[in-house]
Amino acid sequence: MDASSLTKRYGAKLAVDDLTFSARPGIVTGFLGPNGAGKSTTMRMMVGLDRPTDGTVRVNGRAPHAHAAPLNEVGALLEARSLHPGRSARSHLRSLALTSGIGRSRVDQVLELVGLADVADKRVGSFSLGMGQRLGVAAALLGDPATLVLDEPINGLDLDGIRWIRSLLRGLAAEGRTVFLSSHLMGEMAITADHVIVVGKGRLLRDQPMADFLQEARVETVRVRASSIGQLARLVEGAGAAVELGGDAMIVEGLSSDHIGTLAAGAQITIFELSPQSASLEDAYLALTRESVDFRADDHDGRLGHAADMSSDEGAA
Amino acid sequence: MSETTTTAGTGQLTQPTPAGRVDWHVTLPRVVASEWAKLWSLRSTPLVMAAMLAMAAFGAIIGHNTRHPAGLAPEDLVASGPLQGYYLGQLLIGSLGVLVVSGEYSTGMVRATFAAVPRRLPVLLAKVIVFTAVVACAMVAASVAAFFIAQAFLSGYRPTYALSEPDVLRVVVGTGVYLTLIGLLGGAIGWIVRSTPGALVTLFAVILVLPVLLLLFHGTRADHASAWLPTGAGAAFSTSLHTPGELAPWTGLAVMVTWVAAAYAVAAFLLRRRDA
Ligand SMILES: Nc1ncnc2c1ncn2[C@@H]1O[C@H](COP(=O)(O)OP(=O)(O)OP(=O)(O)O)[C@@H](O)[C@H]1O
Ligand SMILES: [Mg+2]
């Protein structure tokens with residue numbers, strides 16, 4: 001799956017801004033970004049529901065509407081509920097299956113797979129958030145697709161469900177499928193995804209293997225308290241580290257605690273405290289996306305918050 | 001639920017469907033089958049039944065009330081007299097036409113539908129085919145039933161009509177056709193407007209308000225314009241009484257069909273361009 005200069009504008013709002021990336025078969029690609037970053041919009045364009053203002057998105061080399069067997073090419077779970085509450089789970093899937101000549105047994109199979117076989121004939125309107133999400137996953141898997149596009153699939157799932165979907169997605173990727181899923185939970189992505197694409201305000205911020213992202217995110221610092229802190233600071237700086245002095249303590253970045261201890265011993269300086277500290281993955285992710293956050297979450301719903309960046313389109317609103 | 005949910009049996013996904021062996025192409029007959037299933041898995045049947053019932057009930061009431069011809073209006077005496085339940089019927093069938101489409105948008109189902117059929121136009125076409133097949137059968141049946149119920153009430157009181165008489169068959173079947181076309185018009189408006197209330201208001205404006213508005217501008221021009229509206233043109237085909245300024249029956253049908261076709265042309269054009 002390839003997106004090339006993908007751009008989507010809603011009136012004055014630039015939701016997706018010149019995105020170019022690809023997702024490969026055989027791995028799980030995570031699509032990360034804060035609220036309003038344009039993840040859902042990008043995914044709707046992948047399925048052909050929204051028409052790009054500019055650029056293209058191709059799955060298996062073709063535009064979404066050019067597939068002869070669309071459900072067999074792309075399976076999608078979208079953000080908003082995409083089902084009629086008056087139908088049963090079975091008849092919902094059945095009506096989608098019929099468009100492509102997919103048989104009843106396949107419908108039963110995906111119902112079984114997502115754990116909804118027992119409630120298959122209940123009205124979808126009575127389903128819980130998690131059950132609705134499972135039905136969405138069933139619909140995405142219906143056509144045994146080579147590419148899966150899942151918008152925040154863990155939304156509404158309980159812990160059991162999260163584990164289930166994690167291993168499901170990893171299994172699907174292991175079968176050689178392209179798995180592309182969005183989330184704004186960095187920690188969840190770190191476990192599930194092999195490759196990560198980070199967007200902010202519609203723009204591409206990172207496109208790299210998850211391992212590299214984690215490596216870069218691991219900023220290790222050491223907090224030091226010692227008898228002659230000023231002298232030790234000069235020694236540490238001389239060894240090539242960055243130092244931040246504050247009172248009788250300092251934060252050292254770029255030198256291990258072993259190294260600092262050795263330097264102190266050599267200069268007869270007594271160490272009171274020597275504690276390695278590692279910034280969390282979340283901190284690294286937040287730092288990366290902070291400047292591009294559209295809406296600050298200073299209350300329950302981020303979208304109700306103030307615009308963090310006054311230069312944004314909605315800053316004056 | 002826990003047994004199936006905690007163990008992700010992804011292996012069973014691929015086994016029955018090795019790539020290349022399946023024919024999961026989207027074709028128009030398949031989309032028609034899907035729309036057929038969709039129509040019956042919702043509670044749309046009550047609207048069809050209500051419209052049929054309205055036709056039959058009006059056939060009985062009008063038949064009963066027009067047994068004695070003295071002092072009756074001409075439209076009650078002609079063959080199409082007992083079919084005046086169409087006036088209520090068109091609101092019900094028009095609403096069904098709207099709901100079949102706008103329901104997809106109000107529930108979000110349209111996103112799943114278009115993810116399965118990204119070309120979109122087959123969905124519009126399939127809905128037209130299924131709706132026409134189901135509603136045309138039901139409405140023609142209802143119209144024929146209303147006609148015969150009324151004749152049963154009239155027999156012995158005043159001369160009854162037979163389907164074999166000139167123009168009677170046209171009027172009786174024509175009323176069913178008229179109702180089907182109104183339903184289809186509702187569907188087209190549903191595709192264009194997308195929201196249920198908006199589409200219902202638009203449809204009712206077209207079939208109820210517009211003709212009345214034109215009455216306010218009383219004069220030959222307004223009368224002429226009214227005859228060219230979908231309702232006026234359709235009525236020329238589905239009623240026996242020919243009033244001056246009205247179109248000829250088959251011209252009327254052609255004009256009404258043109259309206260519906262034009263509405264669908266706009267709907268199809270917008271459907272291809274807009275975000276779902
Ligand atoms: N149909 C639309 N009309 C107008 N603006 C839209 C539309 N859809 C999305 N937007 C705007 O585009 C931007 C990107 O929205 P999008 O839903 O793609 O973000 P997201 O990354 O999925 O966010 P979240 O994490 O909250 O789901 C937002 O500012 C949103 O308000
Ligand atoms: Mg989203």
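Predicted model only: the values in this text are computed from it and were never measured.

*Asks:* Sorry, what's going on with unusual backbone geometry here?
*Replies:* When glycine is set aside, most residues are seen to have a negative phi, and most peptide bonds are trans. Phi at Asn60 of chain A is positive, roughly 55°, even though this residue is not glycine. Structurally, Asn60 of chain A is set in the loop between strand 4 (54–58) and helix 2 (70–73). Backbone geometry places Asp167 of chain B, a non-glycine residue, at a positive phi of 70°. Assignment of secondary structure puts Asp167 of chain B in the loop between helix 8 (121–154) and helix 9 (168–193).

*Asks:* Any chance you could explain the site of ligand 1 here in plain terms?
*Replies:* All names here are of chain A. Around ligand 1 sit 17 residues, and of these Gly36, Lys39, Ser40, Thr41 and Glu79 come closest. The contact in question runs from a nitrogen atom of ligand 1 to an N or O atom on the side chain of Arg44, over 3.4 Å. Bound to the protein, ligand 1 loses 76% of the 630 Å² it would expose on its own. Elements supplying a minimum of two residues to the shell around ligand 1: strand 2 (13–22) and helix 1 (39–47). The greatest single-element share of the shell around ligand 1, amounting to four residues, is contributed by helix 1. Taken together, the residues of the shell around ligand 1 sort by class into four nonpolar, six polar and seven charged.

*Asks:* Explanation requested: the pairing of strand 9 (residues 203–209) of chain A in the structure shown.
*Replies:* Regular strands place side chains that alternate from one sheet face to the opposite one. All names here are of chain A. With six bridges connecting them, strand 8 (residues 195–200) and strand 9 associate as antiparallel partners. Bridged to Val198 within strand 9 is Arg206. The hairpin turn running from strand 8 into strand 9, its antiparallel successor, is two residues long, and Lys201 in that turn takes a positive phi close to 50°.

*Asks:* Would you mind showing me how to read the confidence of the model for chain A here?
*Replies:* When pLDDT is averaged along chain A, the result is 88; 92% of the residues meet or exceed 70. Confidence drops under pLDDT 50 across residues 297–317 of chain A; counting only partners more than four residues distant or on other chains, this segment forms 32 contacts.

*Asks:* So what exactly am I meant to see when it comes to the nonpolar core here?
*Replies:* It is characteristic of soluble globular proteins that their nonpolar side chains tend to be buried jointly. In this structure, Met46 and Phe180 of chain A together with Trp191 of chain B are the most contacted members of the largest nonpolar core, which totals 137 residues. Setting aside residues up to four positions removed in sequence, Phe180 of chain A forms contacts with Met1, Phe21, Ala23, Thr29, Phe31, Met43, Met46, Leu148, Val149, Leu150 and Ile197 of chain A. Ranked by size, the runner-up nonpolar core spans 14 residues in total, among them Val222, Val224, Ala241 and Ala264 of chain A.

*Asks:* Please explain the environment of Leu49 of chain A as it appears in this structure.
*Replies:* Here Leu49 of chain A lies in the loop between helix 1 and strand 4. Leu49 of chain A gets classed as buried once you look at its relative accessible area, which sits at 0%. Residues Leu49 of chain A and Pro64 of chain A, 15 residues apart in the sequence, show an inter-C-alpha distance of 8.8 Å. Discounting chain neighbours no more than four positions away, the residues touching Leu49 of chain A are Arg44 and Leu78 of chain A together with Arg111, Phe114, Ala115, Arg120, Arg274, Asp275 and Ala276 of chain B.

*Asks:* I tried to follow the sheet that holds strand 11 (residues 242–246) of chain A on my own but got confused; where do I start?
*Replies:* Each strand in a sheet pairs with another by means of backbone hydrogen bonds, the pair being arranged parallel or else antiparallel. All names here are of chain A. Across the sheet, four strands lie side by side as 11-12-10-13; this open sheet has antiparallel pairing. On the outer flanks of this sheet lie strand 11 and strand 13 (271–278), each paired with one strand and no other. When the angles between neighbouring strand axes are averaged without regard to direction, this sheet yields 20°. The pairing of strand 11 with strand 12 (residues 249–253) spans five bridges and is antiparallel. Among the inter-strand pairings, Glu244 is bridged to a residue of strand 12, identified as Ile251. With respect to the sheet, helix 9 (residues 229–238) is in contact with strand 10 (220–226), strand 11, strand 12 and strand 13, its orientation differing from that of strand 12 by roughly 10°. Packing of helix 10 (residues 257–266) onto the sheet brings it into contact with strand 10, strand 12 and strand 13, and relative to strand 13 it is tilted by some 160°.

Cut-offs applied
- Residues numbered from 1 in each chain as written.
- Chains lettered and ligands numbered in written order.
- Predicted model: local features only at pLDDT ≥ 70, side-chain atom pairs only at ≥ 80, totals over all residues.
- Heavy atoms only, no water.
- Helix = DSSP H or I, 4+ residues; strand = E, 2+ residues; numbered from the N terminus.
- Near = heavy atom within 4 Å.
- Polar contact = N/O pair within 3.5 Å; in protein donor to acceptor, adjacent residues only side chain to side chain.
- Areas by Shrake-Rupley, 256 points an atom, 1.4 Å probe, with all protein chains shown as cover.
- Nonpolar A, V, L, I, M, F, W, Y, C, P; charged D, E, K, R; others polar.
- Pairing = 2+ DSSP bridges.
- pLDDT = per-residue confidence, 0-100.
- Contact = heavy atoms within 4.5 Å.
- Core = buried A, V, L, I, M, F, W, Y, C linked by side-chain atoms within 4.5 Å.
- Buried < 20%, exposed > 50% of the residue type's maximum accessible area, 1.4 Å probe, protein only.
- Axes fitted to C-alpha atoms, helices over the stretch in contact; angles between N-to-C directions.

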